[in-house]
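Here are the chains, one letter per residue:
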Amino acid sequence: DKIRGATEGDGRTVFSFEFFPPKTEDGVENLFERMDRMVAHSPAFCDITWGAGGSTADLTLDIANRMQNMICVETMMHLTCTNMPVEKIDHALDTIKANGIQNVLALRGDPPHGQDKFVQVAGGFACALDLVQHIRAKYGDYFGITVAGYPEAHPDMIQEDGGATLEAYNSDLAYLKRKVDAGADLIITQLFYDTDNFLKFVNDCCQIGINCPIVPGIMPINNYKGFLRMTGFCKTKIPSEITAALEPIKDNEEAVRAYGIHLGTEMCRKILAHGIKTLHLYTLNMEKSALAILMNLGLIEESKVSRSLPWRRPANIFRV
Ligand code: FAD
């Protein structure tokens, strides 16, 4: 089924988990075990990323197939245009269609490792809009199409001293509307830590006539270095209170993770209080923080979560 239905649903709050293809065979098998445990909590869907530059194409296709047909969770596969002539794109779409997968996250993609600018390949597409148009033209309504949205504007638009100009932000928003008008039916956002800014983005989208659901992408802070790397890469704004909270605990991994759970829970509470009904969790292939946040929100049953997980200890001061 298409995931948009699940995100609109019957007014219930739903959630989803994102995974990426591991580098080793053991890693892949571990991921399936973890996925199996996480899917027991009934996410609306799960998705699997497409390695930058098509580097994981075969593995992503294989994992997506197993997710849909063996783990039995509604699956969305990411697909990027980078290094992808149309034949390769169609091969990927034909393969998932043959496996009963009905959901695609259509992306331009980042440049492959070692390059700093996206370059269109001969016979390929220039941007996600081209990909959305192609999928609708060739596959009609078979696929539910999700696209990426950027509450702080796409990183290419963000200046050295932080933030995008109003003009760049508005142009990014107008382009997002073109992706939706071309046939996308759901938006998942880039990670963010400024919840008020995300809510403003939702409002701004609404003002220009973007009417599809906008799902917040939540990335729990799991470790300090990873957080700095990811927010640096995505040029994410970090509110000063988060920097202040992390600074004294940055060398204590367990405290950082506990704070990440606390922060993720508070962010989700605020988002849900504004009427948004779907939460998308960037798991980074880890289960503890994502499940702890959902448990704090009352969205999964505590009794179903493994007793061995460290954050269940009563001493966890950030448990809310
Ligand atoms: P586009 O929608 O094409 O936009 C890119 C930029 O170009 C925007 O700033 C847009 O405003 C501008 N632009 C493009 N065309 C026009 C136009 N005609 N007019 C005006 N402006 C234009 N990367 C991966 O490699 N694999 C993944 O699996 C993956 N998953 C992701 C999942 C999510 C939810 C998100 C938010 C990002 C993901 N990415 C992934 C990263 C993504 O590929 C990069 O952010 C990439 O740089 C842009 O992709 P896009 O689809 O947003 O591009």
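Thresholds applied
- Residues numbered from 1 in each chain as written.
- Predicted model: local features only at pLDDT ≥ 70, side-chain atom pairs only at ≥ 80, totals over all residues.
- Helix = DSSP H or I, 4+ residues; strand = E, 2+ residues; numbered from the N terminus.
- Buried ≥ 20, exposed ≤ 12 C-beta atoms within 10 Å, placed from the backbone.
- Contact = placed C-beta atoms within 7 Å.
- Expected span 1.5 Å × (residues − 1).
- Arc of directions from axis to C-beta.
- Pairing = 2+ DSSP bridges.
- Near = placed C-beta within 6 Å.
- Nonpolar A, V, L, I, M, F, W, Y, C, P; charged D, E, K, R; others polar.
- Core = buried A, V, L, I, M, F, W, Y, C linked by C-beta atoms within 7 Å.
- pLDDT = per-residue confidence, 0-100.
- Axes fitted to C-alpha atoms, helices over the stretch in contact; angles between N-to-C directions.
- Parallel < 35°, antiparallel > 145°, perpendicular 65-115°, else oblique.
- Left-handed = near helix turned anticlockwise from the far one by under 90°.
- Right-handed = clockwise from strand over helix to strand, strands pointing away.

To continue, consider the overall build of the protein. If you tally the helices and strands in the protein, you get 11 helices and nine strands. In terms of its C-alpha atoms, the protein occupies a principal-axis envelope of roughly 55 × 45 × 45 Å. The buried share of the protein, reckoned over its 320 residues, is 42%. When contacts within the protein are restricted to residue pairs at least 6 apart in sequence, long-range pairs at least 24 apart make up 80% of them.

A separate point is helix 3 (residues 57-71). Spanning 15 residues, helix 3 covers 20 Å between terminal C-alpha atoms, matching the ideal 21 Å at 1.5 Å per step. Where helix 3 is concerned, the buried positions are Ala57, Thr60, Leu61, Ile63, Ala64, Met67 and Gln68. Along the long axis of helix 3, the arc covered by the buried residues comes to 170 degrees, so they all point the same way. Seen from the buried face of helix 3, the exposed residues on the opposite side, beyond 90 degrees, are Asp58 and Met70. On its buried face, helix 3 is in contact with helix 2 (25-39), strand 2 (45-48), strand 3 (75-80) and helix 4 (86-98). Count one or two residues on from helix 3 and you reach cysteine 72, which has phi positive near 60 degrees.

With that out of the way, let us pick up the pairing of strand 1 (residues 14-19). Judged by how many residues are buried, strand 1 sits mostly within the fold: six of six residues are covered. Burial along strand 1 is two-sided: the residues Val14, Ser16 and Glu18 and Phe15, Phe17 and Phe19 are all buried. Here strand 1 pairs with strand 9 (residues 278-282) via five bridges, running parallel. Along strand 9, the bridge assignment pairs phenylalanine 15 with leucine 279. Inspection of the sheet shows strand 1 paired to strand 2 by four bridges, in the parallel sense.

What follows concerns the sheet that holds strand 9. Judged by pairing direction, the sheet is parallel, and its nine strands sit side by side in the order 7-6-5-4-3-2-1-9-8 without closing on themselves. Taken across any chain shown, the strands that pair with only one partner, and hence form the sheet edges, are strand 7 (214-215) and strand 8 (217-218).

Along the chain, aspartate 156 falls in the loop between strand 5 (144-149) and helix 6 (166-181). The spacing of aspartate 156 and alanine 57 is 99 residues in sequence and 25 Å in space, taken between C-alpha atoms.

A few words on the site of the ligand. Of all residues adjacent to the ligand, which total 23 residues, the nearest are Thr49, His78, Arg108, Cys127 and His154. Ranked by residue count, the leading element in the shell around the ligand is helix 6, at three residues. Split into classes, the residues belonging to the shell around the ligand amount to 11 nonpolar, eight polar and four charged.

Membership of the largest hydrophobic core comes to 84 residues, with the highest contact counts inside it found for Leu79, Val104, Ala106 and Val132. Residue contributions to this core peak at eight residues, all from helix 10 (residues 253-273). If we skip the residues at most four places from it in the chain, leucine 79 touches Trp50, Ile89, Ala92, Val104, Leu105, Ala106 and Leu107. Ranked by size, the runner-up nonpolar core spans five residues in total, among them Tyr150, Ala153, Ala164 and Tyr169.

The phi angle at leucine 284 is positive, at roughly 55 degrees, despite the residue not being glycine. With respect to the element layout, leucine 284 can be found in the loop between strand 9 and helix 11 (288-296).

Across the protein, the average pLDDT comes to 92, with 95% of residues at 70 or higher. Note that pLDDT drops below 50 for residues 312-320; the model gives that stretch 11 contacts with residues more than four away or on any other chain.

Quick look at the environment of glycine 27 now. The residue glycine 27 is located in helix 2 in this model. Between the alpha carbons of glycine 27 and leucine 191 there is a distance of 24 Å; along the sequence they are 164 residues apart.

Here we take up the packing of helix 3 against helix 4. In the contact formed by helix 3 and helix 4, the axes pass within 10 Å of each other and the chain directions differ by 15 degrees. Judged by the inter-axis angle, helix 3 sits roughly parallel to helix 4. Between helix 3 and helix 4 lies a crossing of right-handed hand. When helix 3 is examined against helix 4, the residues Ala57, Leu61 and Ala64 are found in contact with a partner set consisting of Ala92, Thr95 and Ile96. In terms of residue class, the contact of helix 3 with helix 4 is made up of five nonpolar, one polar and no charged.

This brings us to the pairing of strand 2. Covered by surrounding structure in strand 2 are Phe45 and Asp47 together with Cys46 and Ile48, the residues of both alternating faces. Taken together, strand 1, helix 2 and strand 2 form a β-α-β motif whose crossover is right-handed. Examined bridge by bridge, strand 2 and strand 3 share three bridges and lie parallel to one another. The residue of strand 3 that forms the bridge with cysteine 46 is threonine 75. Taken together, strand 2, helix 3 and strand 3 form a β-α-β motif whose crossover is right-handed.

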